[in-house]
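# Architecture at a glance
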Amino acid sequence: MNIEKAKLEGMFKDLPESVDTEEVMYRLYLFQKIEAGDADIAEGKMLTHNEAVARLSKKWQH
């Protein structure tokens, strides 16, 4: 997945002055997941609340 430079710059502006590599990697991971979720929504790949409840209820029934 490609990320726009402007979005990365915005993310880096929100970081504290001193940050470790793990924190940067974690934020990049979260950013990637959010972008993927936004893309899924734009493509209509989502469930309604009721569909999600029905799917989870079916999965977790004994």
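The structure we're discussing is the one just above.
For the structure given in this document, a descriptive report is provided here. (Residues numbered from 1 in each chain as written. Predicted model: local features only at pLDDT ≥ 70, side-chain atom pairs only at ≥ 80, totals over all residues. Heavy atoms only, no water.)

## Considering the pattern of salt bridges
Per the stated rule, a full pass over the model turns up three salt bridges. Here K7 ties to E35 by a salt bridge, and the two come within 3.4 Å at their closest N and O atoms. A residue pair is termed long-range when its members are at least 10 positions apart, and K7 in helix α1 (residues 5-13) and E35 in helix α2 (residues 21-42) qualify at 28 residues. Residue K7 is classed as partly exposed on the basis of its relative accessible area of 34%. The closest approach of N and O atoms between R27 and E23, which form a salt bridge, is 2.6 Å. Taken together, the residues R27 and E23, both in helix α2 and four residues apart, mark about one turn of the helix. Classification of E23 by relative accessible area gives partly exposed; the value is 28%. (Salt bridge = Lys/Arg side-chain N within 4 Å of Asp/Glu carboxyl O. Helix = DSSP H or I, 4+ residues; strand = E, 2+ residues; numbered from the N terminus. Buried < 20%, exposed > 50% of the residue type's maximum accessible area, 1.4 Å probe, protein only.)

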